[in-house]
Amino acid sequence: MKDLILYNGHFYNGAADWDTASAVYCRNGVIVAMGSDEDMLSMPACGQAEETETYDLQGHYVMPGFIDSHMHLLDFAEQEKMVHLEAARSFEDVIALCGAQIEQAKKNNKWIRAVGFNENDWGQDDFPTRKDLDRISTEVPVTIRRVCLHVSVCNTRALEVMGLLEHPPIENLENFGFFEDGTLNGVIKEFSQELINDVLPPLTKEEIKELIVYGCEKAAEKGIVEIHTDDFHSTPWEHGETVLEAYHELVAEEKLPLRINEQCYLPDEEGLDVFLKQGHYTGETDGLFKVGPLKIILDGSLGSHTAWMRADYKNEEGQRGVRYYDEAALYHLAKKAHDAGMQIAVHAIGDASLQQMLDIYERIQWENPRADCRHGMVHCQIMDRMQQDRFKQMNLLGYVQPVFLRYDMNIVDECVGTELAAQSYNWRRFLDQGVHLSGGSDCPVESFDIMQNIQYAVSRTDFSTGKSWYPENAVSMEEAVRMFTWEGAYASFAEQTRGSIEIGKEADFAVLSKDLFREPVEKINQIKTLMTIVKGNVVFDAER
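Residues numbered from 1 in each chain as written. Predicted model: local features only at pLDDT ≥ 70, side-chain atom pairs only at ≥ 80, totals over all residues. Heavy atoms only, no water.

A. Seen up close, the overall build of the protein. When helices and strands are tallied, the protein shows 20 helices and 26 strands. Since a compact globule built from 544 residues should have a radius of gyration of about 24 Å, the 24 Å found for the protein is in line with a globular shape. With respect to the three principal axes, the spread of C-alpha positions in the protein is 80 × 55 × 55 Å. Each of the 544 residues in the protein was classed as buried or not, and the buried ones make up 59%. Counted over contacts in the protein with a minimum sequence separation of 6, partners at least 24 positions apart contribute 72%. Taken as a whole, the protein presents about 22,000 Å² of accessible surface, with 46% of it coming from carbon and sulfur. Each charge class in the protein can be summarised by its mean position, and for the 50 positive and 91 negative side chains these summaries are 1 Å apart. (Helix = DSSP H or I, 4+ residues; strand = E, 2+ residues; numbered from the N terminus. Rg over C-alpha atoms; globule rule 2.2 N^0.38 Å. Buried < 20%, exposed > 50% of the residue type's maximum accessible area, 1.4 Å probe, protein only. Contact = heavy atoms within 4.5 Å. Areas by Shrake-Rupley, 256 points an atom, 1.4 Å probe, with all protein chains shown as cover. Lys, Arg positive; Asp, Glu negative; His and termini not counted. Charge placed at Lys NZ, Arg CZ, Asp CG, Glu CD.)

B. Highlighting helix α10 (residues 269-277). For α10, every residue scored as buried is listed here: G271, L272 and F275. When α10 is viewed along its axis, its buried side chains cluster within an angular range of 100° and face the same direction. Exposed residues on α10 whose side chains face more than 90 degrees from its buried face are E270 and K277. Buried residues in α10 make contact with α9 (241-252), β15 (259-265), β17 (289-297) and α11 (327-339). In the stretch just after α10, G279 is the one whose phi turns positive, near 90°. (Arc of directions from axis to C-beta.)

C. Representation of the packing of aromatic side chains in the model. Within this structure, the stated rule accounts for 14 aromatic pairs. Ring centres of W486 and Y490 lie 5.5 Å apart, and the angle between their planes is 25°; on these two criteria the pair is classed as stacked. With W486 and Y490 both in helix α20 (residues 486-491), this residue pair falls four residues apart, about one helical turn. Y490 carries the same exposure label as W486, and that label is buried. Ring pairs connect the aromatic residues F91, F117, W122 and F127, which therefore count as one cluster. Across from the ring centre of Y331, 3.6 Å away, lies the NZ or CZ of R363, which sits over that ring. Here the basic side chain of R374 rests over the ring of Y490, its NZ or CZ set 3.7 Å away from the ring centre. (Phe/Tyr/Trp six-rings, centres within 6.5 Å; stacked < 30°, edge-to-face > 60°. Lys NZ or Arg CZ within 6 Å of the ring centre and 35° of its normal.)

D. Highlighting the pattern of salt bridges. Under the definition given, this model contains 42 salt bridges. Notably, a salt bridge pairs E206 with K209, separated by 3.4 Å at the nearest N-O pair. A residue pair is termed a helical-turn pair when its members lie 3 or 4 positions apart in one helix, as E206 and K209 do in helix α8 (residues 205-220) at three residues. The partly exposed category is assigned to E206, whose relative accessible area is 45%. Counted as one network, the salt bridges with shared partners bring together K205, E206, K209, E245, E249, E253 and K255. (Salt bridge = Lys/Arg side-chain N within 4 Å of Asp/Glu carboxyl O.)

E. A look at the sheet that holds strand β13 (residues 184-189). What the six strands build is an open sheet, ordered β8-β9-β10-β11-β13-β12; its pairing is mixed. Of all the strands in the sheet, the pair left with one neighbour each is β8 (83-84) and β12 (176-178). Bridging between strand β9 (residues 112-117) and strand β10 (residues 142-146) involves five bridges; their strand directions are parallel. Considered in β10, the bridge of A114 is made with I144. (Pairing = 2+ DSSP bridges.)

F. Spatial organisation of the pairing of strand β7 (residues 66-71). The buried fraction of β7 is high, at six of six residues. In this sheet, strand β14 (residues 224-229) lies alongside β7 in parallel orientation, the contact comprising four bridges. When the sheet's bridge partners are listed, D68 is paired in β14 with I227.

G. The side chain of E190, seen in detail. Mapping E190 onto the fold places it in the loop between β13 and α7 (194-198). Side-chain polar atoms of E190 contact the side chain of Y324, separated by 2.3 Å. (Polar contact = N/O pair within 3.5 Å; in protein donor to acceptor, adjacent residues only side chain to side chain.)

H. Seen up close, unusual backbone geometry. Cis geometry is adopted by the peptide bond preceding P444, which originates at C443 and carries an omega value of 15°. Phi at H239 takes a positive value of approximately 60°, unusual for a residue other than glycine. Mapped onto the fold, H239 is located in the loop between β14 and α9. If you check the backbone angles, Y425 has positive phi at about 50° while not being a glycine.

I. Focus on helix α3 (residues 91-99). Within α3, the full set of buried residues consists of F91, V94, I95 and C98. Projected down its long axis, α3 carries its buried residues within an arc of 100°, all on one side. Looking at the buried positions of α3, the neighbouring elements they touch are β8, α4 (102-108), β9, α5 (130-133) and β10.

J. The sheet that holds strand β5 (residues 52-56), seen in detail. Strand order across the open sheet formed by four strands is β4-β3-β1-β5, with mixed pairing between neighbours. Every other strand in the sheet has two partners, leaving β4 (30-35) and β5 as the edge strands with one partner each. Each adjacent strand pair in this sheet contributes to an overall mean axis angle of 15°, direction not counted. Direction of pairing for strand β3 (residues 23-27) relative to β4: antiparallel, over a ladder of five bridges. Looking across to β4, one finds that A23 is bridged to G35. (Axes fitted to C-alpha atoms, helices over the stretch in contact; angles between N-to-C directions.)

See below:
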């Protein structure tokens, strides 16, 4: 590995002070010196051109490399090849976007798979049905997936291929939509969406490797150096083994460009048993790849009314969402992971699912006290202050997605009422209590654009509409940057070696076009990444 010198730059040291150093010297992927351009360029090895790379930063601003603490890398890369519906503003737009793929799908004997629809953007409250999708095609299987990823809609041909019309489901009926005559209407929710994947050709290991590299390259363009990703959904029947093999092979081939912390989705004890017996554990490391926490999903999403709530949704009487686990099953799964020394990260959006897991975290820690578990909650959306207080009491981590406000600010009050809404998504109170909060995107639910995420964290404002939502619950710029740098490293037990620009830490940097701390907040999302460096290696350069 060549030595690396970055000079003529402004380096953020954690205190919004760009003048402390203008240059850094990195050796073997570690920051070994910081100071003036003259000092760094006159280091003993600098004159050996074959061993040292130098970059003139031309006065640009250098941040610690950004860390996305929760996303779905394989889902993102795979969905990039699907039809995208985020721009659809009517169902007629959906028909046009999907319909343009009909001939190609027929030719290749493929499904039409689309992602990103949001019925609220069309001015309607109900999901489309299979009869609506039959307007796209009655010959080609068509499935569209909601932006939250918790709801899909299939056309009649897709249901036929899945065998659901001939043999309707007899379990988990709450995850299926029905017409008044009792027949399936094509709506499939939550984990029952796996029925769609079951009839599609599984990804091969080589395809998985290609998707990983593609996703990492796209993330590097946003200054991201480390991704905490939930990928096991892609091979749910294998307990993630093919995914793990793909990562290990990429490491061996020196083709993995970014750091990966795998959030291991294993929904039952059987899968966790297999995983543990194969010798896997939190902290298992191979190059830039690391096994992270057990990932558990407790409920759905707010927009689809599948987040599990303690009271009825204010805008849907009798509906409290979807509960994934009974108490016994969740306890035994979490207890097994905790006793095995694993970290745990739990998807909980509704306040009922949050309460369920808070109680179980407290119970398993009481029964088997462990130091520095760093268990946590992913999303941390709907909650009251008493629930929030328990995060600090139990030293739990919060994995939050500030960019969720772009959409959620328009629906939360209607879903849960203003009293509970004002207590939810309250990052200000979390930080005031000293809770560790790391920032993520949940991509492909939202873009992994770090600038947009930071903008919502500090403003809680949609600048395209001018709407602000409980801005008193916002965080400072310094706190937002920390959420996407040091706190991301903390969430993977790596804060001693990464997450800030300091001598002795690994050389992970994001070079930006403008200064985050001096740019008007409404323009933060326009800041570009010019260069991304991981462990002293340039993995993205906008000029190349």
